Amino acid sequence: MSSHKDLTGADLHEPKGAESATLYSVLTANGVGGTSWTLIGPNNIDSSSLLGNKFFVTMQKENPAGTFTLYLPIPVNCTLDAIYATIDAAPTGANIQIDFYNGTSTLINSTTFATTATTGDTNTITPSSNNVFTAGSKLRIRNSTAVTTCGSIGFTFSFTAT
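Residues numbered from 1 in each chain as written. Predicted model: local features only at pLDDT ≥ 70, side-chain atom pairs only at ≥ 80, totals over all residues. Heavy atoms only, no water.

Participant: Pulling in residues and values, what's your account of unusual backbone geometry?
Facilitator: Unlike most non-glycine residues, N63 shows phi in positive territory, near 40°. In this structure, N63 sits in the loop between β3 (54-61) and β4 (66-73). Judged by relative accessible area, N63 falls into the exposed class, the value being 54%. Phi angles above zero are rare outside glycine, and N130 is one such case at about 60°. Considering the arrangement of structural elements, one finds N130 in the loop between β8 (122-125) and β9 (132-133). (Helix = DSSP H or I, 4+ residues; strand = E, 2+ residues; numbered from the N terminus. Buried < 20%, exposed > 50% of the residue type's maximum accessible area, 1.4 Å probe, protein only.)

Participant: Could you give an account of the side chain of T111, with specific residues and numbers?
Facilitator: With respect to the helices and strands, T111 occurs in strand β7 (residues 107-113). Judged by relative accessible area, which is 8%, T111 ranks as buried. Of note is the side chain of T111, whose polar atom sits 2.8 Å from the side chain of N123. The residues touching T111, leaving out its near neighbours within four places in the chain, are A85, I96, Q97, I98, F100, N123 and I125. (Polar contact = N/O pair within 3.5 Å; in protein donor to acceptor, adjacent residues only side chain to side chain. Contact = heavy atoms within 4.5 Å.)

Participant: Explain the pattern of salt bridges to me, and be specific about the residues and the numbers.
Facilitator: Evaluation of the coordinates by the stated rule reveals 1 salt bridge. Note that K54 is salt-bridged to D81, the shortest N-O span being 2.7 Å. With a gap of 27 residues between them, K54 in strand β3 and D81 in strand β5 (residues 78-87) connect regions that are remote in the sequence. Judged by its relative accessible area of 35%, K54 is partly exposed. Since its relative accessible area comes to 22%, D81 is described here as partly exposed. (Salt bridge = Lys/Arg side-chain N within 4 Å of Asp/Glu carboxyl O.)

Participant: I'd like a description of the packing of aromatic side chains, backed by residues and values.
Facilitator: The description of two aromatic rings rests on the distance between their centres and on the angle between their planes. Scanning the entire structure with this criterion turns up 6 aromatic pairs. On the numbers, 5.0 Å between centres and 15° between planes, the contact of F55 with F159 is stacked. Taken together, the positions of F55 in strand β3 and F159 in strand β11 (residues 153-161) put the pair 104 residues apart, joining distant regions of the chain. Under the relative-accessibility criterion, F55 is labelled partly exposed at 21%. For the pair F100 and F155, a centre-to-centre distance of 6.0 Å together with 80° between the ring planes defines the contact as edge-to-face. Taken together, the residues F100 in strand β6 (residues 96-101) and F155 in strand β11 connect sequence positions 55 residues apart. For the pair F100 and F155, one class covers both residues: buried. Counting every residue linked through ring pairs, the aromatic cluster contains F55, F100, F133, F155, F157 and F159. Cation over ring: R140 sits above Y101, and NZ or CZ is 4.0 Å from the ring centre. (Phe/Tyr/Trp six-rings, centres within 6.5 Å; stacked < 30°, edge-to-face > 60°. Lys NZ or Arg CZ within 6 Å of the ring centre and 35° of its normal.)

So this is what it looks like as structure tokens:
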């Protein structure tokens, strides 16, 4: 008689209980030598192994000619780790400076796209101060430099929930 560990091909069998297990359930160890078929739910997933407590928000300002102000509501206590701004076409009339403010209207940082910018240029900002937010506050994005025309600007914000 073969040892169980030496079985191959047609001699193999499904784990016990597989024939009556619920669709999409997985065999789960209970930590004391037993197993059961279980559906995986959100409480069974350790999300820290995925991205931890990081989250990302992307937004876009279409044709930001003139000046503009945008607000991004912040749903949880968090720290702003990085800002990525990408331009679709260079501004005309003037460079475009974009300022980022925290929930208390304190400047976090600024970035500028020159009239010589090319499609796809991306500026990366790594804030080191004034970048802590409380749930219910807002991130304010503001351009105070009036430009004649400008391609769309896309923003991606990287946060760490605290």
